[in-house]
Amino acid sequence: MMQFFRTLLGVKGEMVGRQVVDALVAMDPKSASVAQLRVMEADLDKTGKLLTNLRADMQRERKEAVEARENYDRRLAAAEHLNGLLATADGERKSSLEVSLAKLLAQLEELASEVAIEEREADEAEALVAEAEVAYREKARALTEAKSALAKAERDMQRASIQEERERERANRAAQVAGLRDDGGSKLNTAIDAMSRRANEARANAEAARMKAQALGDLSRKSSDDMGDADIQAALAAVGKGGSPALSVQERLARLKGPAPEAAPLAITDKWSR
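This write-up is about the structure you can find in this document. Just so it is clear, the structure is predicted and the values come from calculations on it, not from any experiment. (Residues numbered from 1 in each chain as written. Predicted model: local features only at pLDDT ≥ 70, side-chain atom pairs only at ≥ 80, totals over all residues. Heavy atoms only, no water.)

Quick look at the nonpolar core
- By size, the foremost hydrophobic cluster in this structure holds 12 residues: Ala68, Tyr72, Ala79, Leu82, Leu86, Ala89, Leu97, Leu101, Leu104, Leu108, Leu111 and Val115.
- Taken together, the elements giving at least two residues each to this core come down to helix H2 (29–88) and helix H3 (91–221).
- In terms of residues, this core owes the most to one element, H3, which gives 6 residues.
- In contact with Leu82, not counting residues within four places along its chain, are Leu97, Ser100, Leu101 and Leu104.
- Membership of the second largest hydrophobic core comes to 6 residues, among which are Leu51, Leu54, Met58 and Ala132. (Core = buried A, V, L, I, M, F, W, Y, C linked by side-chain atoms within 4.5 Å. Buried < 20%, exposed > 50% of the residue type's maximum accessible area, 1.4 Å probe, protein only. Helix = DSSP H or I, 4+ residues; strand = E, 2+ residues; numbered from the N terminus. Contact = heavy atoms within 4.5 Å.)

Focus on the side chain of Glu61
- Relative to the helices and strands, Glu61 is located in helix H2.
- Nearest to the buried, unbridged Glu61 among oppositely charged side chains is Arg60, at 4.3 Å.
- Excluding residues within four positions of it along the chain, Glu61 makes contact with Glu118, Glu121, Ala122 and Ala125. (Lys, Arg positive; Asp, Glu negative; His and termini not counted. Salt bridge = Lys/Arg side-chain N within 4 Å of Asp/Glu carboxyl O.)

Some points on the pattern of salt bridges
- Inspection of the entire model under this criterion finds 12 salt bridges.
- The residue Arg60 makes a salt bridge to Asp57 at a minimum N-O spacing of 3.1 Å. Taken together, the residues span about one helical turn, with Arg60 and Asp57 both in helix H2 at a distance of 3 residues.
- Under the relative-accessibility criterion, Asp57 is labelled partly exposed at 31%.
- As a salt-bridge pair, Glu167 and Arg170 come within 3.4 Å of each other at their nearest N and O atoms. Taken as a pair, Glu167 and Arg170 lie in helix H3 at a separation of 3 residues, close to a single helical turn.
- For Glu167, a relative accessible area of 35% corresponds to the partly exposed category.
- Residue class for Arg170 comes out partly exposed when judged on its relative accessible area of 48%.
- Each member of the salt-bridge network shares a partner with another, and the members are Arg62, Asp123 and Glu126.

Details of the environment of Ala153
- Residue placement: Ala153 occurs in helix H3.
- The exposure class assigned to Ala153 is partly exposed, which follows from its relative accessible area of 38%.
- Spatially, the C-alpha atoms of Ala153 and Ser33 are 9.0 Å apart, while their sequence positions differ by 120 residues.

As structure tokens, then:
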């Protein structure tokens, strides 16, 4: 069970890591491109150092193999020389040569395996160098191609972003046009109705103003004498402006002083009663 959870968390971690990388690349593709190039350059440098070390190891192994082979060949030549001397020797000299030749042959048999090992190690080191050189060339070529590929990807992302913005604007315009086509008639009718209501309201206001002006004008033309009565107005016109005689100054003064007091009644005398 724990292994399952560890595996699950590992998978989830990889997914989250990819999402984070994608988000960072989307936010700043230029920096992401530079970072990727730096990673590839660091990897190329690492491979270059490894190749340098492998070449040094190969040279050392090859030198050891060559020295072992030269030592073996030299001793082999000495053994052949002893064998040639042994063919013409006799007595104690022959016995001494045989002992020396036997020692040298034993040493040559041991050196033969060492020479084989040194040469095999040199060949393996050379093979590793060849593989490392291939890997280094591939990484160098990949870095060169990555520079142009990342630049192209950056341009593609910019073009895609511009195209996305254009398509979004086109979709918005299409939606606006579709909205006008769908309810354009109702919107037009609403505008016409509003204008009609405004015109009717203006006409009603004008009529009210006209009636108000007429009423105020009629009231201003009415005098305090006729009170708007047609018969009174006709009668006043018939008598004219001088319908009543003018008062004298004495009469006007008496009117202003008030009415005269009434005379006291006469007393009845007794003679009438008699």
